[in-house]
Amino acid sequence: MSSLPDSITQLIAALAKLPGFGPRSAERIALHLVQTDSAAVRQLADAILIAREKIQFCTICGALTEKSPCPICDDLRRDSALLCVVERAVDILSVEKSGTFRGKFHVLGGKISPLDGVEPEDLKISDLEKRLAGEPIKEIIIALGTDVEGDATSNYLAKRLARGGLKISRIGFGLPAGSGLEFADELTLNRALESRREMT
Ligand SMILES: [Zn+2]
């Protein structure tokens, strides 16, 4: 039985549900918070609530944004002929950090992984097909991780999206094997984008 007051136990349980928080770190943060100045704790709680209320997914590309369409989709200076396909919304930040990509994005929302029950129809692939029909896209750059699911998803996309006048390429060269974009530094991502190879 826990000797901690109920409210602390509940706070620990809530924190432990966050990704990257084990029971030990949840307990450490909870004990820190209950001993912190209450104005500072209120500020933190407000920041969480405000961010959650303001942030939504861009209805076009799937980016995290305060207004939809997001600033990238809305930016007329960006190249609408170039579309970078990423797994998650946060991967957009990784590609943006590389500083050289001037096209637009599409978030798939995952990778095909039959073992985890993720099938093509669980991903935003039909949305991508709709964009291909309605936007002047000339090249799709697939920027998925280099693990087995990333490979399988890239090959699936290359086959399903193949059509006349559309180039489909994949970044990969120089990316650490078996990893996602978040592990690549800016220079590596830059090289991976520049050395993308054509799939179709
Ligand atoms: Zn967008």
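Just so we're clear, the structure is a prediction, and the values are computed from it rather than from any experiment.

Analysis parameters
- Residues numbered from 1 in each chain as written.
- Predicted model: local features only at pLDDT ≥ 70, side-chain atom pairs only at ≥ 80, totals over all residues.
- Heavy atoms only, no water.
- Helix = DSSP H or I, 4+ residues; strand = E, 2+ residues; numbered from the N terminus.
- Contact = heavy atoms within 4.5 Å.
- Pairing = 2+ DSSP bridges.
- Axes fitted to C-alpha atoms, helices over the stretch in contact; angles between N-to-C directions.
- Core = buried A, V, L, I, M, F, W, Y, C linked by side-chain atoms within 4.5 Å.
- Buried < 20%, exposed > 50% of the residue type's maximum accessible area, 1.4 Å probe, protein only.
- Right-handed = clockwise from strand over helix to strand, strands pointing away.
- Patch = residues over 30% accessible without salt bridge, like charges linked within 9 Å, V, L, I, M, F, W, Y side chains within 5 Å.
- Areas by Shrake-Rupley, 256 points an atom, 1.4 Å probe, with all protein chains shown as cover.
- Salt bridge = Lys/Arg side-chain N within 4 Å of Asp/Glu carboxyl O.
- Parallel < 35°, antiparallel > 145°, perpendicular 65-115°, else oblique.
- Nonpolar A, V, L, I, M, F, W, Y, C, P; charged D, E, K, R; others polar.

Considering the side chain of S154
No. 1: Looking at where S154 falls in the secondary structure, it is placed in helix α7 (residues 148–161).
No. 2: Apart from residues no more than four positions distant in its own chain, S154 is found in contact with I142, L144, R170 and M199.

A look at the sheet that holds strand β7 (residues 197–198)
Hydrogen bonds between backbone groups are what pair the strands of a sheet, and the pairing can be parallel or antiparallel.
No. 1: As summarised here, the arrangement of the five strands in space is β4-β3-β5-β6-β7, forming an open sheet in which the pairing is mixed. Looking at the sheet topology across the chains shown, the edges are occupied by β4 (104–107) and β7.
No. 2: For strand β3 (residues 82–86) and β4, the ladder comprises four bridges, and the chain directions are parallel. From the neighbouring strand, C84 faces β4, where its bridge partner is F105.
No. 3: Contacts from helix α6 (residues 125–134) reach β3, β4 and β5 (139–142), with the element oriented near 150 degrees to β4.

Looking at the nonpolar core
Considering soluble globular proteins, one finds that nonpolar side chains tend to be buried as a cluster.
No. 1: Among the nonpolar cores identified, the biggest contains 22 residues, and V86, V95, F101, F105 and I171 are the most heavily contacted of them.
No. 2: When residues of this core are traced back to their parent elements, those giving at least two are α4 (71–74), β3, α5 (89–98), β4 and α8 (186–194).
No. 3: Residues contacting V95, with those up to four places away along its chain left out, are C84, V86, F101, F105, L181, L189 and L193.
No. 4: L132, L157, A158 and I168 belong to the second largest nonpolar core, which has 17 residues in total.

Focus on the pairing of strand β6 (residues 167–170)
No. 1: Two elements, β5 and β6, share four bridges in a ladder whose sense is parallel. Residue I140 lies in a different strand from β6, and its bridge partner there is I168.
No. 2: Between β5 and its parallel partner β6, the chain crosses via α7, and the hand of that crossover is right-handed.
No. 3: Taken together, the two bridges between β6 and β7 define a ladder with antiparallel strand orientation. Across the sheet, residue R170 finds its bridge partner in β7, namely R197.

Section: a nonpolar patch on the surface
No. 1: A contiguous nonpolar patch, built from I55, F57, L64, V90 and L93 and spanning about 490 Å² of accessible area, is present on the exposed surface.
No. 2: Along the polypeptide, L64 turns up in strand β2 (residues 64–65).

Quick word on the packing of α5 against α8
No. 1: Close contact between α5 and α8 brings their axes to 8 Å; oriented N to C, the two are set at 90 degrees. Considered as vectors, α5 and α8 are oriented roughly perpendicular to each other. In this structure, α5 uses S94, V95, K97 and S98 to contact α8, whose residues at the interface are E186, L189, N190 and L193.
No. 2: In terms of residue class, the contact of α5 with α8 is built from three nonpolar, three polar and two charged.

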